[in-house]
Amino acid sequence: MKIHRIETGRVRIKKNQISKQKGFAPQMLKVLFGKEWAEWVPIYAWVIDHPEGIIVVDTGETSKTGQQGYLPNWHPYYAFAVAFDVKPENEIGPQLVQLGIDPSKDVKKVIMTHMHTDHAGGLHHFRNAEILIEENEFKEASGFTGMLAGYLPHRWPKWLKPTLITLPNDPYFSFSKSMAVTADRKVMIVSTPGHVTNHLSVIVEVDDLHYFIAGDTSYTEQNLLKLIPDGIGTDQSLKTLKNILSFSESNPTIYLPSHDPQNPDRMANRKTVSVIKKDPKDKKLQEVLA
Ligand SMILES: [Zn+2]
């Protein structure tokens, strides 16, 4: 079994979206009107080459984001708080072809961590795959309310008929809900709420290492280690970050969030999460934990 990392272009968001800020103003206002942009970061999607068939996790973004009128500029988030840089050759489809994989034929399953556009923008490449989406996430992302929440349901392929999943209360290490994707249980979906209420992550076990395909549980490993939730998620984020750290304490884990520029280094050098011992004198950490 092998994991491929595919960079489907880059995105730029506000610093206030990457790390939650203190204070009373609503988080979304801080994201929209925050003055400081973060650096451009990669948008990753993942390919698991498993004996049962090829599994893709998230589909990255589409180059159509560069076309006038593709993104809803009436929406404040798209007007003020995000920018994309995706070329046609950056899309997941052509990159899979480069790897010798025909996206329309050879991919068995696509698992979506959540339906934000930088994860769902490449869905159109996978017409014949089974597409697994968490049932309530699909509901929340659909229709006009989905659009108000920042999803782009009107851009999903017309043929999209996902397999809607609800994770059973089946514990897998620190995660209370999980589902095996493959018979050997080496590809597991776990529940990681926070960034969105029904966010999923995928854990792949290869050669005694656990590759934690984290979606947007945090934007960087650093924020996981410091237990800093992102600026737009729910208050479930902190518990999820703690669950991931606890998982990493019992399993050598390579943490792979969708936008962390350090992912290539971590994969090449098999750098696992090393959990910082909780220092009672670390005031900032204690504030976060409080
Ligand atoms: Zn997201």
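Here, the structure is the one placed above.
Quantities reported herein were computed from a predicted structural model and do not represent experimental measurements.

Rules and cut-offs
Sequence positions are assigned chain by chain, starting from 1 and proceeding in written order. Reporting of local features is limited, given that this is a predicted model, to residues whose pLDDT is at least 70; pairs of side-chain atoms are given and counted only at 80 or more, and all residues count toward the totals for whole chains, interfaces and linings. Excluding hydrogens and water, the side-chain values take into account all heavy atoms of the structure. Donor atoms: N, O and S within 2.8 Å of the metal, or within 3.2 Å for Na, K and Ca. Because water is excluded, sites can look incomplete. Each label reflects the angles at the metal, where four donors whose angles all fall between 85 and 135 degrees are tetrahedral, four or six donors whose opposite pairs open beyond 155 degrees and whose other angles stay between 65 and 115 are square planar or octahedral respectively, and the rest are irregular. Elements are defined by DSSP. Helices are runs of H or I of four residues or more, strands are runs of E of two residues or more, and each kind is numbered from the N terminus. Only protein chains enter the accessibility calculation, which uses a 1.4 Å probe. A residue is then buried if its area is under 20% of the maximum for its type, exposed if over 50%, and partly exposed in between. Salt bridge, as used here, is a side-chain nitrogen of Lys or Arg placed within 4 Å of a carboxyl oxygen of Asp or Glu. Stacked, tilted and edge-to-face are the three classes applied to pairs of Phe, Tyr and Trp rings, where Trp contributes its six-membered ring and a pair requires centres within 6.5 Å; stacked means planes under 30 degrees apart, edge-to-face means over 60, and tilted covers the rest. Charge-over-ring contacts are defined here by two conditions on Lys NZ or Arg CZ: a distance within 6 Å of the ring centre and an angle within 35 degrees of the ring normal.

Draft legend 1. Expanded view of the coordination of the zinc ion. Here the zinc ion is held by the protein donor atoms His114 (NE2), His116 (ND1), His195 (NE2) and Asp216 (OD), which lie 2.2 to 2.3 Å from it. Classification of the site at the zinc ion rests on its 4 donor atoms, whose angles at the metal span 89 to 178 degrees, yielding the label irregular. Along the chain, the residues that donate to the zinc ion are spaced as H-x1-H-x78-H-x20-D. Linking His116 in the loop between strand S5 (107-111) and helix H5 (117-120) with Asp216 in the loop between strand S11 (209-215) and helix H8 (221-225), this pair joins segments that are 100 residues apart in sequence. Exposure class is identical for His116 and Asp216. Each is buried.

Draft legend 2. Geometry of the pattern of salt bridges. A complete count under the given rule lists 8 salt bridges for this structure. With its nearest N and O atoms 3.1 Å apart, the salt bridge here joins Lys15 to Glu36. One end of the pair, Lys15, is in helix H1 (residues 15-18); the other, Glu36, is in the loop between helix H2 (27-33) and strand S2 (41-50), with 21 residues separating them in the sequence. A relative accessible area of 42% means that Lys15 is categorised as partly exposed. Salt bridges linked by common partners bring Arg10, Asp85 and Lys87 together as one network.

Draft legend 3. Just the packing of aromatic side chains, in detail. Taken as a whole and assessed by the stated rule, the structure comprises 12 aromatic pairs. With centroids separated by 5.8 Å and ring planes inclined at 45 degrees, the aromatic side chains of Phe33 and Phe80 adopt a geometry described as tilted. Here the residue Phe33 occupies a position in helix H2, and Phe80 occupies one in helix H3 (residues 76-80), the gap between them amounting to 47 residues. On the accessibility criterion, Phe33 (54% relative accessible area) is exposed. Of the aromatic side chains, those joined through ring pairs into one cluster are Tyr172, Phe173, Phe175, Phe212, Phe247 and Tyr255. Lying over the aromatic face of Trp37, Arg12 brings its terminal NZ or CZ to 4.4 Å of the ring centre.

That is the geometry; function is a separate question.
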